[in-house]
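# Working through the structure, step by step
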There are 2 protein chains.
Amino acid sequence: MSVVDDVRSLILGGQYAPGDRLGEVELAEALGVSRTPVRDALRRLQSEGLVDITANKGARVVEYPRQDLETIFELRARIEGLAARQATALATPQDADALHEVAVAIREHAERGDQDAVYRLNAEFHQSLVRLGSSAVLAQSISSLIHSAVLLRTYSSFDEEAMRRSVNHHIEIAAAIRAGDPEWAEAVMRAHLFSARASLLGPRRQENE
Amino acid sequence: MSVVDDVRSLILGGQYAPGDRLGEVELAEALGVSRTPVRDALRRLQSEGLVDITANKGARVVEYPRQDLETIFELRARIEGLAARQATALATPQDADALHEVAVAIREHAERGDQDAVYRLNAEFHQSLVRLGSSAVLAQSISSLIHSAVLLRTYSSFDEEAMRRSVNHHIEIAAAIRAGDPEWAEAVMRAHLFSARASLLGPRRQENE
DNA sequence: TGACAAGGGGTTGCATACAATCCATGAATA
DNA sequence: TATTCATGGATTGTATGCAACCCCTTGTCA
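Okay, so let's go over this structure. Here, residues in each chain are numbered from 1, in the same order as that chain's written sequence. The naming scheme follows written order: chains are lettered A onward, ligands numbered 1 onward. Since the coordinates come from a predicted model, pLDDT governs what is reported: local features require at least 70, and pairs of side-chain atoms require 80 or more to be given and counted, while whole-chain, interface and lining totals use all residues. To obtain the side-chain values, all non-hydrogen atoms of the structure were included, while hydrogens and water were left out.

Right, let's talk about the relation of the copies chain A and chain B for a bit. Least squares is the method for superposing the copies, and the C-alpha atoms it fits come from residues with pLDDT of at least 70 in both. If you rotate chain A by 180° and push it 0.1 Å along the axis, it lands on chain B with an RMSD of 0.1 Å. These values place the two chain copies in the arrangement generated by a two-fold rotation axis. Here a residue-residue contact requires only that any non-hydrogen atoms of the pair lie within 4.5 Å. Both copies share a contact surface, since 100% of the interface residues of chain A are interface residues in chain B too.

Here it is as structure tokens:
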């Protein structure tokens, strides 16, 4: 396990909340290494979009303003919509099965109320899908957008109905991919993300009250 | 000018081609600093998607396989399409004017055959637009996709007609934004990117001969 | 002649020391 | 009392030394 992965886990795991300072010596001592690999890790996480570094002032976990979050979900709908569409052509039946497995596991953990597992598996579901639909290179450059939802602790603001919707979307997406239907897959993925946005950010069109 | 920016310029400027090794000592000597800041820079550029680092084997400039390039342009059409759409609402008249200025400058340099300037200004046009349409945070996480085109030395494979199209697209996009017409702006942006993809990668549907 | 193993040069990974910068605290003065 | 400036601690930025690793070369043996 590399130091980058360790620090990323600390952030995504919630040990450090958005806005928290990430001191180099503090992290180095916590992980039992010197400052050098920690600095490496922070630099990389900055470009991954998880960390915000100001010269001579150190690193903090990024905070997304509300407007950015609106845009992020709009973007994810487009990007992951494309990924879902392409995955119908590129994924093997085994890939589709694996995706279905994850979707089912999410449902089970959700029913049991195990939120940590749901976070983790949800990120895994989305990352795998993007990887299937495009490539590892692209998946990496998009991962920060997917992480943004995790940073938000998405599901804490989901009510029961929203959670049920989300869980079912995952399974439906896996089904669409197994069926090889690109339009269906893309449409469900878009619905999935817009539904999450609504639960997270509340009703839109606050402008024309 | 930071070391990261220096190294990025070396890559985007073409001093290092895709696949080239990026030795730490070599870069450090060239830039007159020690290995430490160079290492920082390479780690960051890795997550920006510009370099590829393998443990104990060093860094190389990334190479995108053809299939990835197809996907990259498809993605950019969706992402920058959204950016163009949103920019119509968010950009001030000054922003639109500035964009127009850049578009005109691109035309002038293109007529004069100054490809280096065209590369640079083109990247600036797209980056500014994304920044206008979303936010600095998002623009950064998308920049690697825009860079991929620069890495390709896009315009070297453009014929005269394709170049004219590209140049006019930029101006038209600025016009659509100034007119505040989101559909128009998004449509032109998509055309712009699909046209570039066609020039770069040749005709599609090679599968059904 | 071919294959495999040992050695050596070179490169990266990590740790530590020092320099530069920032920020907060407190004292001195208007 | 409020403001400014200086000073100190704390934190980041950079340099350098050493250890670990990879790969190429070379030599030996079948």
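A few words on the interface of chain A and chain B. Tallying the contact residues gives 29 residues for chain A and 29 residues for chain B. Of the roughly 2700 Å² buried between chain A and chain B on both sides combined, carbon and sulfur atoms contribute 58%. We count a salt bridge whenever a side-chain nitrogen from Lys or Arg sits within 4 Å of a carboxyl oxygen from Asp or Glu. Across the contact surface, chain A and chain B share six salt bridges. With a shortest N-O distance of 2.8 Å, Arg78 of chain B and Glu186 of chain A are connected by a salt bridge. Any pair of N or O atoms that falls within 3.5 Å is considered a polar contact. Within protein, one atom must be able to donate a hydrogen and the other to accept it, and sequence-neighbouring residues count only if both atoms are side-chain atoms. The interface formed by chain A and chain B holds eleven residue pairs in polar contact (both at pLDDT 80 or more) in total. Helix and strand assignments come from DSSP, with helices taken as H or I runs of at least 4 residues and strands as E runs of at least 2, each series counted from the N terminus. Elements represented by at least two residues in the side of chain A that touches chain B include exactly α3 (35-48), α4 (66-90) and α7 (136-151) of chain A. Considering each element in turn, the side of chain A that touches chain B owes the most residues, eleven residues, to α4 of chain A. In the scheme used here, Gly and all other residues not listed as nonpolar or charged are polar, with Ala, Val, Leu, Ile, Met, Phe, Trp, Tyr, Cys and Pro taken as nonpolar and Asp, Glu, Lys and Arg as charged. When its residues are assigned to classes, the side of chain A that touches chain B shows nine nonpolar, ten polar and ten charged. Using a 1.4 Å probe, buried area is obtained as the accessible area two parts lose upon being combined, added over both of them.

Next up on the list: helix α2 (residues 24-31) of chain A. Residues and elements named next belong to chain A. Only protein chains enter the calculation, and the probe is 1.4 Å; a residue is then buried if its accessible area is under 20% of its type maximum, exposed if over 50%, and partly exposed in between. Within the sequence span of α2, burial applies to Glu24, Leu27 and Ala28. Around the axis of α2, the buried residues are gathered within 100° of arc, so they sit on the same side. Looking at α2, the residues exposed on the side facing more than 90 degrees away from the buried face are Glu29 and Ala30. Residues of α2 that are buried in the fold lie against α1 (3-12), β1 (21-22) and α3. The directions from the helix axis to the C-beta atoms are what the arc is built from.

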